[in-house]
Amino acid sequence: MTADVVVTGLGATTPLGGDVASTWEALLAGRSGVSRIEADWVERHDLPVRIAAQLAVDPSEVLKRVEARRMDRCEQVAIIAAREAWQHAGTPEVEPERLAVVVGTGIGGAVTLLTQDDLLENEGVRKVSPLTIPMLMPNGPAAWVGLELGAKAGVHAPTSACASSAEALAWAWRMLRAGEVDVVVAGGAEACITGIPLAGFSQMRAMCISHNDNPEGASRPFDAGRDGFVLGEGAGIMVLERAEFAAARGATVHGRLAGIGITSDAYHITAPDPEGIGQARAMTAAIRTAGLDPADIGHINCHATSTPVGDVAEAVSVRKAIGDHPILTAPKSTLGHLLGGAGAVEGIATLLSIRDGVIPPTANLENLDPGVQLDVVTGEARKVELTAALNDSFGFGGHNVALAFAAA
C-alpha cells in the first residue's frame, strides 16, 4: 500500500452547470441552483416541498436520443460526467485489465421505477419497458461507465446513502494503493427529483418546506434558522491514477487523493451521533492515511446539509478531530443535496480549492448557529493558500467518509 494516488481528470453535471468549469465558476460566485419545480405532479400530490436543485443542462441536450432512451436519468448524468472526466484526463491509454470503475448512487433509478410502475398499474404489463431492470438497478451508472470505457478490472457500485460517491473515491484509492489497477474512474450520480423521494423526505421532516417562495434562500447550512435540505441532482466523476502511471504517460496532475477514512456510527438509522464520534474518527483516519497532521488541514468542504441536527454534529466532530483552525464551506447552500452524487461533486470542489487557492462562500448564512462557532466562508469567495483539505460525506445508516486531498 505505497503508491501515491493522483487526480488527472474531472467531470460533472450539476444544478450550477453542465460541466466542471461552469459549476466551479457558479460556486465561487455564490449563485444558487435551486428553483421551483414546474412539473404538474407537484400540485397533483399537494407536496409540501415545491423546490429543488435541478440540472442546469438537461441530459437530452447532451446525449444522443437513442442513448438517453436506454438509460435512467441517474445513468445519463453519470455518463455525461464520466465522458468529461475521461477527456479531461487525456483519454489515458491503459490495459482494460488495469482499468476499474467505481460509481456510487444512493437511490438509483427511482424515476424509472416509479414511471414503469405507473404504466403497469394503468396500462398493463405489455407497456412495461424491457429495459426497466437495467435502468433502475443501483449499479446501472457504474455499469454504463464501465461499458463506455471498456473497464475489465472491476465495476463497483457503493450504495451508502449520501456517502456513496465519497466511498467510491475511497475504494478507488484502496485499489490504486494496493497496485491492483493503474487507473480508476470513480465518483457518483443521483437524479431522483420526483414525488416519492420528495414526499418521503418531507414526511420525515428532513427537507426545507419553509422557502417555497424563496428557492435561492432555502438551503441554509450552519444558519440558526435552517430547517432542512434541498434535494438536488447531478454527478461528479474523477479519473484517479497511480502516480507512476500518470507520470509515465505525461498526464497533467490536478492534485492528490492523499488519504481516506471510513467509519460507521452504529447509532441511528437516520440521525448522526450528536457527539460526532464516528465522523471525527473518519476525519482522523483520512489525515493519518495521508501522512498528515491535523495542523496541515487548512480547509474543510463540509457535508452540512442544512438540517438542524446534522450541521451541529459535524461542527462538533471537526473540533474533536482537527480543532478550530480550518476554514469551512458548505456547497449544498447553492448546489442542493445531490445525495449519492454529493461527495464526488464536492470532492472536485475541494481539489479545486487547493489547486486554485480559493474557497467558495456559503450562501444564506446570516446568523451562525451558536453550536458551530467555526470559521465559515460567507459573502464572497476567500483567497487562501492551501496544501491539504478534507471533504466530509455522511449518510443515513451512519455512514461516515472523509477524503483528504493535497496539492500535486
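Residues numbered from 1 in each chain as written. Predicted model: local features only at pLDDT ≥ 70, side-chain atom pairs only at ≥ 80, totals over all residues. Heavy atoms only, no water.

Visitor: Please clarify how the side chain of Asp223 should be interpreted in this entry.
Guide: Inspection of the secondary structure assignment puts Asp223 in the loop between helix H9 (195-203) and strand S7 (234-242). Residues contacting Asp223, with those up to four places away along its chain left out, are Asn364, Leu365, Glu366, Asn367 and Asp369. (Helix = DSSP H or I, 4+ residues; strand = E, 2+ residues; numbered from the N terminus. Contact = heavy atoms within 4.5 Å.)

Visitor: What should I look at first to understand helix H12 (residues 308-321) in this one?
Guide: At 3.6 residues per turn, the α-helix brings residues three or four places apart onto the same side. The complete set of buried residues in H12 reads Gly310, Asp311, Ala313, Glu314, Ala315, Val316, Ser317, Val318 and Ala321. Contacts from the buried residues of H12 go to helix H11 (277-289), strand S9 (299-301) and strand S14 (388-395). Gly323 lies just past H12 and shows a positive phi near 120 degrees. (Buried < 20%, exposed > 50% of the residue type's maximum accessible area, 1.4 Å probe, protein only.)

Visitor: In this structure, what is going on with the state of the cysteines? I would like to understand it.
Guide: Think of a disulfide as a covalent bridge from one cysteine sulfur atom to another cysteine sulfur atom. Applying the stated criterion to the full structure yields zero disulfides. Of all cysteine sulfurs, the one in Cys192 lies closest to Cys74, which takes part in no disulfide; the gap is 8.0 Å. (Disulfide = S-S within 2.5 Å.)

Visitor: Whenever I open this one, the pairing of strand S4 (residues 99-104) confuses me. Can you help?
Guide: Walk down a regular strand and you will see the side chains alternate between the two sheet faces. Burial of S4 is extensive: six of the six residues sit out of reach of the surface. Burial along S4 is two-sided: Leu99, Val101 and Val103 and Ala100, Val102 and Gly104, pointing in opposite directions, are all buried. Note that S4 and strand S6 (residues 183-190) share six bridges and pair parallel. When the sheet's bridge partners are listed, Val101 is paired in S6 with Val185. Relative to strand S5 (residues 155-156), S4 is paired through two bridges, and the arrangement is parallel. Bridge pairing links Val102 to His156 in S5. (Pairing = 2+ DSSP bridges.)

Visitor: Honestly, the sheet that holds S7 in this entry has me stumped. Any pointers?
Guide: Pairing between the strands of a sheet is mediated by backbone hydrogen bonds and can be parallel or antiparallel. Here 11 strands make up an open sheet; going across it, the order is S5-S4-S6-S7-S1-S8-S15-S14-S9-S10-S12 and the pairing mixed. Only two strands of the sheet have a single neighbouring strand rather than two, namely S5 and strand S12 (375-376). Here strand S1 (residues 5-13) runs beside S7; their pairing, made up of eight bridges, is antiparallel. Bridged to Val5 within S7 is Arg242.

Visitor: I tried to follow the nonpolar core on my own but got confused; where do I start?
Guide: One broad rule of soluble globular proteins: the nonpolar side chains tend to lie buried together. Core analysis: the largest hydrophobic core is formed by 46 residues, its most contacted members being Leu10, Leu169, Val184, Met238, Leu240, Leu257 and Leu403. With sequence-adjacent residues up to four places away left out, Leu10 is seen in contact with Val20, Glu84, Ala85, His88, Ile237, Met238, Ile348, Leu351 and Leu352. By size, the runner-up hydrophobic cluster in this structure holds 30 residues, among which are Ala68, Ala89, Val145 and Val185. (Core = buried A, V, L, I, M, F, W, Y, C linked by side-chain atoms within 4.5 Å.)

Visitor: Help me understand the pattern of salt bridges in this model?
Guide: Inspection of every chain in the model, using the stated rule, returns 19 salt bridges. With its nearest N and O atoms 3.4 Å apart, the salt bridge here joins Asp311 to Arg226. A residue pair is termed long-range when its members are at least 10 positions apart, and Asp311 in helix H12 and Arg226 in the loop between H9 and S7 qualify at 85 residues. Of the residues examined, Arg226 reaches a relative accessible area of 6% and is grouped as buried. Asp375 is the partner of Arg382 in a salt bridge, and the nearest nitrogen-oxygen pair spans 2.8 Å. The structure contains a network of salt bridges with shared partners spanning Arg98, Asp182, Arg242 and Glu244. (Salt bridge = Lys/Arg side-chain N within 4 Å of Asp/Glu carboxyl O.)

Visitor: What is the right way to look at empty space enclosed by the protein in this model?
Guide: It is the rolling of a water-molecule-sized probe over the atoms that shows where space remains empty. One pass over the structure, following the stated rule, counts one cavity of 30 Å³ or more. In this model, the largest cavity occupies a volume close to 60 Å³. In this structure, the largest cavity is lined by Ala12, Val20, Thr23, Trp24, Leu27, Val345, Ile348, Ala349 and Leu352. Among the elements of the structure, helix H1 (20-29) and helix H14 (342-356) are those that each provide at least two residues to the lining of the largest cavity. Per-class residue counts for the lining of the largest cavity are eight nonpolar, one polar and no charged. (1 Å grid on protein atoms, 1.4 Å probe; cavity = no way out; pocket = protein on both sides within 12 Å on 5 of 7 lines; lining within 4 Å. Points joined across faces, edges and corners; volume = space filled by probe spheres on them. Nonpolar A, V, L, I, M, F, W, Y, C, P; charged D, E, K, R; others polar.)

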